[in-house]
Amino acid sequence: LNPTLYILGSNSATPTRERHPTSQILKIDNQKIMLDCGEGTQNQLLKFGIRHTGITHICISHLHGDHYFGLIGLLSTMSLSGRKDVLHLIGPPPLKEIIDLQISYGGIHLNFEIAFYPTNPEERCLVTQTKSFEIISFPLKHRIHCTGFLINELPKGRHIIKSEVEKYNIPFIYYNSLKAGSDFTSSDGTMIPNKLLTEDPSPTIQYAFCSDTIFDTEIVKYIQNVDVLYHEATFMKNQEDRANLYFHSTAEQAAIIAKMAKVGQLIIGHFSSRYENLNLLLDESKTVFENTYLAEEGNSFEITKA
Ligand SMILES: [Zn+2]
Ligand SMILES: [Zn+2]
């Protein structure tokens, strides 16, 4: 199964009747990484049938409310649902203090541990890694401390060919060594080479998330050649002055970044509430970078090697 990105919300600043603020889930293997958690995120999970169990990591890009006001509600629900597994929370340093304060004044007791990883807005940093992926943060230029996130899938074990291992009656306990590339020797001494039993794993993917940022070519070096890039596109070109003033980007600027970084696919989001017809933003982006899609809530994108 390829990693899949689920869009839960992609509006900027305030929710509208149809659109929620930023949140996404990237599912790799059985782990879910949440990227930003705007207000209403837990309702969006319910609406789209995505369980919060299995969310192992939550990455918060910055402390503007449209990117994290849903967090305390989600944490509270996780605890009330009996979560025991540690949650890895990544974000600007004050986020820890904010959550601790909300928990302590609410007399809330969380049933699980939060492992907190402060982000650094000055340079690219490896934040944490698991068996399946690593999470890297990198600086974005916004009005306050803000980072983007790069998620690199890590090399996978070789893919076992089921019909072949069954043909040779190879017990399950040998599967891990087969995945690691070992040959199999049966009890009568017959050696079966690994290449008959396994095939190459699917290639690993890279996903980059640029939540809120002014047009900044400095970020190109952090996101070079990623398979899928999410980049904010709050405004259209005719509002470029406004975009600059508020440290946001236009759809055309998002596309220029995608083109410069030679990414496989661009997804734009963080739309200003002023736009009812998002296809205007999509068309503007496509004139510069054809392979652009809208981060409309409820959409999902299978991420494959570009
Ligand atoms: Zn925002
Ligand atoms: Zn912001």
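Turning next to the coordination of the zinc ion (ligand 1). Distances from the zinc ion (ligand 1) to its protein donors, namely Asp-66 (OD), His-67 (NE2), Asp-212 (OD) and His-270 (NE2), fall within the range 2.1 to 2.3 Å. Because the angles between the four donor atoms bound to the zinc ion (ligand 1) fall within 88 to 172°, the donor set is best described as irregular. Mapped onto the sequence, the residues coordinating the zinc ion (ligand 1) show the spacing D-H-x144-D-x57-H. In this model, the zinc ion (ligand 1) sits 3.4 Å from the zinc ion (ligand 2), the two metals being bridged by Asp-212. Residue His-67 is found in the loop between strand E4 (55–59) and helix H2 (71–80), and its partner His-270 is found in the loop between strand E16 (265–269) and helix H10 (279–286); the two are separated by 203 residues along the sequence. Here His-67 and His-270 have matching classes, each one buried.

A few words on the nonpolar core. Core analysis: the largest hydrophobic core is formed by 33 residues, its most contacted members being Ile-223, Leu-229, Ile-268 and Leu-281. Taken together, the elements giving at least two residues each to this core come down to strand E8 (133–139), strand E14 (206–210), helix H7 (220–223), helix H9 (251–260), E16 and H10. Per-element tally for this core: the top contributor is H9, with five residues. Aside from chain neighbours lying at most four places away, what touches Leu-281 is Ala-233, Phe-235, Met-236, Ala-251, Ile-268, Phe-271 and Tyr-275.

It is worth spelling out the pairing of E8 at this point. Of all seven residues that make up E8, seven are buried, and the element is covered over most of its length. Burial along E8 is two-sided: Phe-133, Ile-135, Ser-137 and Pro-139 and Glu-134, Ile-136 and Phe-138, pointing in opposite directions, are all buried. Inspection of the sheet shows strand E7 (residues 125–129) paired to E8 by four bridges, in the antiparallel sense. Residue pairing across strands places Gln-129 opposite Glu-134, the latter belonging to E8. Linking E7 to E8, which pair antiparallel, is a turn of three residues.

What follows deals with the environment of Leu-71. For Leu-71, the position within the fold is in helix H2. Residue Leu-71 is classed as buried on the basis of its relative accessible area of 0%. Separated by 32 residues in sequence, Leu-71 and Glu-39 place their C-alpha atoms 7.7 Å apart. Not counting the four nearest positions on each side in its chain, Leu-71 is found in contact with Cys-37, Ile-58, Ile-60, Leu-89, Leu-95 and Ile-99.

Moving on to the coordination of the zinc ion (ligand 2). A metal bound by six donors in octahedral fashion has ideal angles of 90 or 180 degrees, whereas one bound by four tetrahedral donors has an ideal angle of 109.5 degrees. The coordination sphere of the zinc ion (ligand 2) contains the protein donors His-62 (NE2), His-64 (ND1), His-142 (NE2) and Asp-212 (OD), at a distance range of 2.1 to 2.3 Å. Here the zinc ion (ligand 2) is ringed by four donor atoms whose angles at the metal span 90 to 171°, and the overall shape comes out irregular. Each donor residue of the zinc ion (ligand 2) belongs to the same chain, with the gaps between them written as H-x1-H-x77-H-x69-D. Taking relative accessible area as the criterion, His-64 reaches 17% and is therefore assigned buried. For Asp-212, a relative accessible area of 1% puts it in the buried group.

In this section: the packing of aromatic side chains. The relative placement of two aromatic rings is captured by the distance of their centres and the angle of their planes. Applying the stated criterion across every chain, the model contains six aromatic pairs. Ring centres 5.2 Å apart and planes at 20° place the aromatic pair Phe-209 and Tyr-230 in the stacked group. Taken together, the residues span a long stretch of sequence, with Phe-209 in strand E14 and Tyr-230 in strand E15 (residues 228–232) at a distance of 21 residues. Accessibility classification places Phe-209 together with Tyr-230 in one group, the buried group. When the centroid spacing of 6.1 Å and the interplanar angle of 70° are considered together, the rings of Tyr-293 and Phe-301 count as edge-to-face. Given a relative accessible area of 9%, Phe-301 falls into the buried group.

Pairing in this open sheet of seven strands is mixed, and the strands run E6-E5-E4-E3-E2-E1-E18 from one edge to the other. Single-partner strands in this sheet number two, and they are strand E6 (114–118) and strand E18 (300–302). Adjacent strand axes in the sheet meet at a mean angle of 20°, parallel and antiparallel pairs treated alike. The pairing of strand E1 (residues 4–9) with E18 spans three bridges and is antiparallel. Directly across from Tyr-6, in E18, lies its bridge partner Ser-300. The sheet contacts of H2 involve strand E3 (31–37), E4, strand E5 (87–91) and E6, and relative to E4 the element is tilted by about 165°.

Next up on the list: the sheet that holds strand E9 (residues 147–153). The seven strands lie next to each other as E7-E8-E9-E14-E15-E16-E17, forming an open sheet whose pairing is mixed. Each having just a single partner strand, E7 and strand E17 (292–294) make up the two edges of the open sheet. Strand after strand, the sheet turns through a mean of 20° between neighbouring axes, direction not considered. Looking at chain direction, E8 and E9 are connected through seven bridges and run antiparallel. For Glu-134, the partnering residue across the bridge sits in E9 and is Asn-152. H10 contacts E16 and E17 of the sheet and is inclined by roughly 165° relative to E17.

Each value, and the rule that gives it
- Residues numbered from 1 in each chain as written.
- Chains lettered and ligands numbered in written order.
- Predicted model: local features only at pLDDT ≥ 70, side-chain atom pairs only at ≥ 80, totals over all residues.
- Heavy atoms only, no water.
- Donors = N, O, S within 2.8 Å, 3.2 Å for Na, K, Ca; no water.
- Tetrahedral: all angles 85-135°; square planar, octahedral: opposite > 155°, others 65-115°.
- Helix = DSSP H or I, 4+ residues; strand = E, 2+ residues; numbered from the N terminus.
- Buried < 20%, exposed > 50% of the residue type's maximum accessible area, 1.4 Å probe, protein only.
- Core = buried A, V, L, I, M, F, W, Y, C linked by side-chain atoms within 4.5 Å.
- Contact = heavy atoms within 4.5 Å.
- Pairing = 2+ DSSP bridges.
- Phe/Tyr/Trp six-rings, centres within 6.5 Å; stacked < 30°, edge-to-face > 60°.
- Axes fitted to C-alpha atoms, helices over the stretch in contact; angles between N-to-C directions.

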